Amino acid sequence: MSSRGWVSVRDDADRWWLLTAYDDGWCTAPVTVPTAADTRRRLRAFLAWTVAVGGLFAAAVGVGFLLPGVTWLPWVLLAACLGAVAAAAVGAARRRAARRPPVFGSSAQHAAGVAGATRVGWDQVRAVAVQRDGHEDVVTVALRRGKPLVYRSPDRTLGRLFALWSPAPPTS
């Protein structure tokens, strides 16, 4: 058994969840969605790094022309410029890796390993309907017991994840 993929979905109460599909079912876990304030903060950080790199590069070029006798200083400024680019890249890679969902072998392992995760096994599912509503994929899951589950996502990955489940879950 293995993970077939993941997608952020919105439920009927307008809450966002990370849905991860497996061969034996799927798990949903609450996820935070970036807000406008988060976007502004990331844009300010990007602009600050851009100004720092551009300023160091401009200083290196300017010093090379204005002070031709000091040949070592432009190289130090260029090295600082490259160091700033490397620091920005490493920071971005770390943030991206921290946002990546964990990898599990099955939905049962996922439910046991992630706090707040809920699992729906293939044996709980009666039928699955995948449809398109405007710009969103909508998946309606009829359970053997309980209320139907409805997931919405503007990402077309949601429909692809449930294509094998529609109209009924796979048998093993």
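For the structure given in this document, a descriptive report is provided here. (Residues numbered from 1 in each chain as written. Predicted model: local features only at pLDDT ≥ 70, side-chain atom pairs only at ≥ 80, totals over all residues. Heavy atoms only, no water.)

A few words on the overall build of the protein. Assigned secondary structure in the protein consists of four helices and seven strands. When the helices and strands of the protein are placed in sequence order, the string is β-β-β-α-α-α-β-β-β-β-α. Over its C-alpha trace the protein gives a radius of gyration of 24 Å, far above what one expects of a compact globule, namely 16 Å for 172 residues. Reported as C-alpha extents along the three principal axes, the dimensions of the protein are approximately 80 × 35 × 25 Å. Taking as baseline every contact in the protein between residues at least 6 positions apart, the subset at least 24 positions apart corresponds to 48%. (Helix = DSSP H or I, 4+ residues; strand = E, 2+ residues; numbered from the N terminus. Rg over C-alpha atoms; globule rule 2.2 N^0.38 Å. Contact = heavy atoms within 4.5 Å.)

The end-to-end C-alpha distance of helix H2 (residues 72-99) is 41 Å, a good match for the 40 Å that 28 residues give at a rise of 1.5 Å each. Looking only at H2, the buried set comprises Pro74, Leu77, Cys81, Ala84 and Gly91. Where the residues of H2 are buried, they touch helix H1 (36-66). (Expected span 1.5 Å × (residues − 1). Buried < 20%, exposed > 50% of the residue type's maximum accessible area, 1.4 Å probe, protein only.)

Tallied over the entire structure, the rule returns three aromatic pairs. Centre to centre, the rings of Trp26 and Tyr151 are 6.5 Å apart; their planes meet at 85°, and the pair counts as edge-to-face. Within this pair, whereas Trp26 is found in strand S3 (residues 25-30), its partner Tyr151 is found in strand S7 (residues 149-153), the two being separated by 125 residues in sequence. The pair formed by Trp26 and Tyr151 is uniform in burial state, with each residue classed as buried. Centroid distance Trp26 to Phe162: 4.8 Å. Interplanar angle 80°. Geometry classified as edge-to-face. (Phe/Tyr/Trp six-rings, centres within 6.5 Å; stacked < 30°, edge-to-face > 60°.)

Bringing a nonpolar patch on the surface into the picture now. On the surface, Phe57, Val61, Phe65, Leu66 and Leu67 cluster together to form a nonpolar patch covering roughly 570 Å² of accessible area. Summarising the element assignment, Leu67 is placed in the loop between H1 and H2. (Patch = residues over 30% accessible without salt bridge, like charges linked within 9 Å, V, L, I, M, F, W, Y side chains within 5 Å. Areas by Shrake-Rupley, 256 points an atom, 1.4 Å probe, with all protein chains shown as cover. Salt bridge = Lys/Arg side-chain N within 4 Å of Asp/Glu carboxyl O.)

Judged by how many residues are buried, S3 sits mostly within the fold: five of six residues are covered. Of the strand pairs in this sheet, strand S2 (residues 16-22) and S3 are connected by six bridges, and their pairing is antiparallel. Opposite Thr20, over in S3, you have Cys27 as the bridge partner. Connecting the antiparallel pair S2 and S3 is a turn made up of two residues. Pairing between S3 and strand S4 (residues 118-121): four bridges, direction antiparallel. Note on S4: the bridge partner recorded for Thr28 is Thr118. (Pairing = 2+ DSSP bridges.)

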